[in-house]
Amino acid sequence: MMLPVSFRPYRALPLAVALLLGACTDLGHGPVAGLPQAAPAPTWVFQKSDLPPDPRFRFGQLANCMRTIIVPNGMPKGTVQVRLDVATGSLDETAAERGFAHFVEHMAFNGSTHVPEGEMVRLLERKGLAFGADTNAQTSFEQTTYMLDLPRNDPDLIDTALMLMRETASELTFSPGAVSRERGVVLSELRDGQGYALDNFHDQLAFFYPKATYPQRLPIGTVPTIDAATAQALKDFWHRHYVPAKTTLVVIGDVDPAKVEQAITARFADWQAAPAPPRPGQGKVLPGQHGKTDLWTNPALAERVTVARHGPWLDEPDTIASRRENLLRQIGYGIINRRFQTLSRQVDAPFRGAGFGTGDVFKIGRTTNLIIDTVDGGWAKGLTAAARVWREAMAQGFTQAEIDEQVANLRIAIENAAAGEQTRNNATLVNLALSLLHDDMVPTTPSSGLERFNAFAPTITPASVMAALRREAVPLDKPLIRFQGRKAPAGGAQALRRAWQAAMAAPLDAAKAATAAPFGYTDFGTPGTVVADSTDATLGIRRIRFANGVMLNIKRTPLETDRIHVRLALDGGEMLETRDNPLAVDMASSVPAGGLGRYSLDQLQTMLAGHAVGTSFAASGDTFGTGSTTTPRDLLLQLQVMAAYLTDPGYRPEAEQLFHQGMANYFAQLNATPGSALTAALGGILSGNDPRFTLQSPQAYQKLGFAQLKPVLGDRLAHGALEIALVGDVDEAAAIADVARTFGALPPREPAFGAWTQARERRFAAVPGVQVVRHHGPANQAIVRMIWPTTDDHDPVQTMTMELLEQVTGIEVLDTVREKLGKAYSPGVSSDMSDVWTGWGTFTVQASVNVADVAATRAALVQTISDLAAHPVDADVLERARAPMLERLDNALKGNGGWVALAARAQSRPDRIARFQAARARLTALTAADVQAAAKAWLAPAKAVTVLVLPDGVPAPQS
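Note that the coordinates shown come from a computational prediction; the quantities given were computed from them, not determined experimentally. (Residues numbered from 1 in each chain as written. Predicted model: local features only at pLDDT ≥ 70, side-chain atom pairs only at ≥ 80, totals over all residues. Heavy atoms only, no water.)

**Re the nonpolar core**
With 61 residues, the main nonpolar core has Phe-519, Leu-552, Leu-726 and Phe-743 as its most contacted residues. Sequence-distant contacts of Leu-552, that is, excluding residues within four places in its chain, are made with Arg-542, Arg-543, Ile-544, Phe-546, Ile-724, Leu-726, Ile-736, Val-739 and Gln-907. (Core = buried A, V, L, I, M, F, W, Y, C linked by side-chain atoms within 4.5 Å. Buried < 20%, exposed > 50% of the residue type's maximum accessible area, 1.4 Å probe, protein only. Contact = heavy atoms within 4.5 Å.)

Below, the structure written as structure tokens:
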């Protein structure tokens, strides 16, 4: 969201920093011979903006032109995030280099001057960083960003991170052998991304942007260019583009900025300056492109019509004026999309969803889109309705009530952000830094945003909003129209064009806007009485019980100012499903869409505008869960809304319709990719087709309705045990009073969560051996998945041992299948020992591979698993697996998410707290012999169920 802007004067930069700024040329634009040269561009965009940067951000630049951003921040305490951002991506490639920027990113983990091939990840694992979770990188059209999330802020670890970033920037070696091995990984990533969605995307780009470069420069590259990439060619690309002038190092966390600045200078000052090469031409977006129609069909594609026109890029630097303008536009688009949303929530709605908006195409143009998603065959009805809504808005403008609703939602978001300014976490500040680098957005403070908003809000009127919208949105005259779906529309492209022309000529209705009313569910009876109140001496979680049986757990933390996380657990969940009624609660997640007895969901949305209140509901394991994040000001309202859903759900038919539409689309896409086919089939395979865990027929889901859900759910809503958790910036006395007025006032409830002994029974019924699942996707895509039955998590030592075995196996599989064989981009391992289903647990190893590599991959997995059972785990591998697990335990309660996990069931599941407290000691005590014994006991290859997901018609390899 674009935050509004203020009228505060521009903050002067410290003299030492100011002297450095402007010393280097603009990124990616070298001088042109024979032409007069403009003054050097500013080092930072805020130098030409009237927006004051957040004073906590420390901006700098070395003499070689590399930039730095350092922000001291203690949330989470003792942690640091480091980013090396290089302003190069796939748009810097030539036609022969497609995919090189991304390939270079991969090579950063494959050897440098001071770090041998394969050692970078191992080095970080030894220091507690998990590959993928804490150590990662990404390549886009314009940037490559390397990411390290440090679990500790000790100087040695920070120095290691800076050393590795310097190695990436200037010391990569690109050995031919490493390039050859990594080529298979890059090709596997490319292969995994193929399918109907990517084909559709390619056609969409070719239709809308035929003269732009970026459709031909997707970061993943192409098979021919990746196959042809040599070590020298990759090194040449890297050497050309990885230069100080295109590089920014970001360090944000619990650090002394002066010391970090010194450490950066020590590491990077001798990196030789080099000019930033100019970026190749990006092509054109064609404002004159109009009147063309495109059809694209695939059996897996949901129906969508896109109506678009292009315009020139609007060069609008981030300033007070541009933020005001963007705020007005945001409100205008928000109102039109709110009207679409209202229409989509009606019974027999004309479309599943619709949206209107405008976006930049890099810096070469902008596009305004009207997008309509419909049920199969409903495109004409949806197009007509959406076009009418858009025309009415553009012709008649907006009502004051609509403006008020949007402004209220903006105000609460901005106020809440300002209230939590001092406890923003590292990730939030990193995102601000990257927005400066990637999007030229000045990182301002939330409090200054609130100041700007308050000054500007009185000038927000229907007229000013419409004027701003018109200044950006391109008129949809003679538009480009694109259809995607399972079947082409009857009459083809001409029918689409005629439908649009008819919609443009149809008469308009007068605009109608819902008016907000007070929320009516405020009296739930006599406030409840507290009958038990104690506080855990170790963790400080307060446990309260009301006379009606409702349990309340409170943990006040200083981790997020002005934020309260609310969780509610209601006894029942999937325990209500039986073999005779396996879909009993499948519609539970649709309950919020049904609104309340007095109000539809749409009415609630208007009514609750300007408040931090959320609604959700879902069956998971042995509970129904709902949760939201609110503020102390809105806690009572949040509880009232939750209690209203508990006592008077609306069960409206529009929610049933949305469920049925979603399920129809799900089944249409069921076997379109290997992953979706596997997910659909796996439950039935492992459970012996137990209907509770097996996907039922499409007809079974279409027959579901609230009539079947109400009798099952109604008893739980009225009587089921309830446990509520409040975590964060909680005033305990006020919170207890609020819960007493809502949930505490309800009639008596069951005092404890049910045992559900019979319902918890679940049997692993798959026969060891090979099972084949078919998919309809690309003919070269396959999945090899091996699953072993284990057990539930009743024994915490056994569970911890299996988690350590999971991490060890993950390291070994990654080394075997990805690094040595180059067969898979992201092989995975998981141990899942259930705390819900008695005796149920699985250990899974999986790899997405080329069909031709299925047999070799399966053999490699079997060998890897066999070796774990046959030989003690290497001491280094064991510690590389254990160290990140220990760091996660040490940092678990540095964010409210960890506290929520413990507080959510602190009374009904106190064993979870005891288990957490003992986890570190248990993990530390585990030995290589323990891990080997677990592998021997559970992972015998002969006991594995191997699921091969293969394309239609491809024979399964022989064992």
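**Description of helix 3 (residues 119-126)**
Every α-helical turn comprises 3.6 residues, leaving residues that sit three or four positions apart pointing alike. The set of residues buried in helix 3 consists of Met-120, Val-121, Leu-124 and Glu-125. The arc that holds every buried residue of helix 3, seen down its axis, measures 130 degrees, which confines them to one face. Summarising the contacts, the buried residues of helix 3 are in contact with strand 4 (135-139), strand 5 (144-150), helix 4 (155-170), helix 24 (796-820) and helix 26 (875-891). Remark: Gly-128 follows helix 3 within two positions and exhibits a positive phi of approximately 100 degrees. (Helix = DSSP H or I, 4+ residues; strand = E, 2+ residues; numbered from the N terminus. Arc of directions from axis to C-beta.)

**Quick notes on empty space enclosed by the protein**
Taken as a whole, this structure holds 4 cavities of 30 Å³ or more when the rule is applied. Lining the largest cavity are 14 residues, and of these Ser-616, Phe-617, Thr-626, Met-642 and Tyr-645 lie nearest its centre. With 4 residues, the single largest contributor to the lining of the largest cavity is helix 18 (residues 635-647). When the residues that make up the lining of the largest cavity are grouped by side-chain class, the tally is 10 nonpolar, 4 polar and no charged. Around the second largest cavity, the lining residues are Phe-109, Met-120, Leu-124, Thr-135, Asn-136, Tyr-146, Met-147, Leu-148, Leu-164, Met-165 and Thr-168. For the lining of the second largest cavity, the elements supplying multiple residues, two or more each, are helix 3, strand 4, strand 5 and helix 4. When its residues are assigned to classes, the lining of the second largest cavity shows 8 nonpolar, 3 polar and no charged. (1 Å grid on protein atoms, 1.4 Å probe; cavity = no way out; pocket = protein on both sides within 12 Å on 5 of 7 lines; lining within 4 Å. Points joined across faces, edges and corners; volume = space filled by probe spheres on them. Nonpolar A, V, L, I, M, F, W, Y, C, P; charged D, E, K, R; others polar.)

**Some remarks on unusual backbone geometry**
Note that the residue after Met-75, namely Pro-76, is joined by a cis bond; omega there is -5 degrees. One can find Pro-76 in the loop between strand 2 (67-72) and strand 3 (80-86). Phi at Asn-689 is positive, roughly 65 degrees, even though this residue is not glycine. Locating Asn-689 in the fold gives a position in the loop between helix 20 (674-687) and helix 21 (698-702). Under the relative-accessibility criterion, Asn-689 is labelled exposed at 55%. Of note, Trp-756 is a non-glycine position whose phi angle comes to about 50 degrees, a positive value.

**Structural notes on the sheet that holds strand 9 (residues 353-361)**
Within the open sheet, the 5 strands sit side by side as 7-11-8-10-9. Their pairing is mixed. Because the sheet does not close on itself, it has two edges, and the strands there are strand 7 (293-297) and strand 9. With direction set aside, neighbouring strand axes in the sheet form an average angle of 15 degrees. Strand direction decides the pairing type here: strand 8 (residues 303-311) and strand 10 (residues 365-374), joined by 9 bridges, are antiparallel. Each residue of the ladder has a partner; that of Val-307, found in strand 10, is Leu-370. Relative to strand 11 (residues 480-485), helix 6 (residues 196-208) is tilted by about 170 degrees, and along the sheet it contacts strand 7, strand 8 and strand 11. Relative to strand 10, helix 11 (residues 379-396) is tilted by about 130 degrees, and along the sheet it contacts strand 8, strand 9, strand 10 and strand 11. (Pairing = 2+ DSSP bridges. Axes fitted to C-alpha atoms, helices over the stretch in contact; angles between N-to-C directions.)

**Looking at the sheet that holds strand 1 (residues 58-61)**
Strand order in the open sheet formed by 6 strands is 1-2-6-3-5-4, with mixed pairing between adjacent strands. Two strands in the sheet have a free side with no partner beyond their single neighbour: strand 1 and strand 4. Ignoring which end each strand starts from, the neighbouring axes of this sheet average 15 degrees apart. Both strand 2 and strand 6 (residues 247-253) contribute to a ladder of 6 bridges, which runs parallel. The residue of strand 6 that forms the bridge with Thr-68 is Leu-249.

**Structural notes on the packing of aromatic side chains**
Where two aromatic rings form a pair, the distance of their centres and the angle of their planes describe that pair. One pass over the structure, following the stated rule, counts 29 aromatic pairs. Where Phe-46 meets Phe-59, the ring centres are 4.5 Å apart and the plane angle is 50 degrees; that geometry is what we call tilted. Here Phe-46 is found in the loop between helix 1 (15-20) and strand 1, whereas its partner Phe-59 is found in strand 1, with 13 residues between them in sequence. Accessibility assignment for this pair places Phe-46 and Phe-59 in one class, buried. Each member of the aromatic cluster is reached from another via a ring pair, and the members are Phe-141, Phe-207, Phe-208, Tyr-209, Tyr-214 and Phe-362. Above the plane of the ring of Trp-899 lies Lys-555, whose end atom (NZ or CZ) is 4.5 Å from the centre. The ring of Phe-693 has Arg-762 lying over it, and the distance from NZ or CZ to the ring centre is 3.9 Å. (Phe/Tyr/Trp six-rings, centres within 6.5 Å; stacked < 30°, edge-to-face > 60°. Lys NZ or Arg CZ within 6 Å of the ring centre and 35° of its normal.)

**A short note on the side chain of Glu-171**
Within the fold, Glu-171 resides in the loop between helix 4 and helix 5 (176-192). In terms of polar contacts, Glu-171 uses its side chain to reach the side chain of Ser-170, at 3.0 Å. Non-local contacts of Glu-171, meaning those with residues more than four positions away in its chain, are made with Ser-112, Thr-113, Arg-166 and Trp-238. (Polar contact = N/O pair within 3.5 Å; in protein donor to acceptor, adjacent residues only side chain to side chain.)

**A word on the pairing of strand 23 (residues 945-951)**
Burial of strand 23 is extensive: 7 of the 7 residues sit out of reach of the surface. Bridge analysis of strand 20 (residues 781-789) against strand 23 gives 5 bridges, and the strand direction is antiparallel. Considered in strand 23, the bridge of Met-786 is made with Thr-946.

**Structural notes on the environment of Pro-275**
Its place among the elements puts Pro-275 in the loop between helix 9 (257-268) and strand 7. In this structure the C-alpha to C-alpha distance between Pro-275 and Val-86, which are 189 residues apart in sequence, comes to 14 Å.

**Overview of the packing of helix 24 against helix 28 (residues 910-925)**
One way to put it is that helix 24 packs onto helix 28 with a least axis distance of 10 Å and a crossing angle of 55 degrees. Considered as vectors, helix 24 and helix 28 are oriented oblique to each other. Pair helix 24 / helix 28 crosses with right-handed handedness. Here Pro-796, Val-797, Thr-799, Met-800 and Leu-804 of helix 24 come into contact with helix 28, specifically with Arg-915, Ala-919, Arg-922 and Leu-923. (Parallel < 35°, antiparallel > 145°, perpendicular 65-115°, else oblique. Left-handed = near helix turned anticlockwise from the far one by under 90°.)

**Examining the packing of helix 24 against helix 26**
Where helix 24 meets helix 26, the axes come as close as 9 Å, and the angle between the chain directions of the two elements is 125 degrees. The angle between the axes of helix 24 and helix 26 places the two elements in the oblique class. Pair helix 24 / helix 26 crosses with right-handed handedness. Contacts between helix 24 and helix 26 involve Met-800, Glu-803, Leu-804, Gln-807, Val-808, Ile-811 and Glu-812 from the former and Val-877, Leu-878, Arg-880, Ala-881, Arg-882, Met-885 and Arg-888 from the latter. Here the contact of helix 24 with helix 26 is built from residues that sort into 8 nonpolar, 1 polar and 5 charged.

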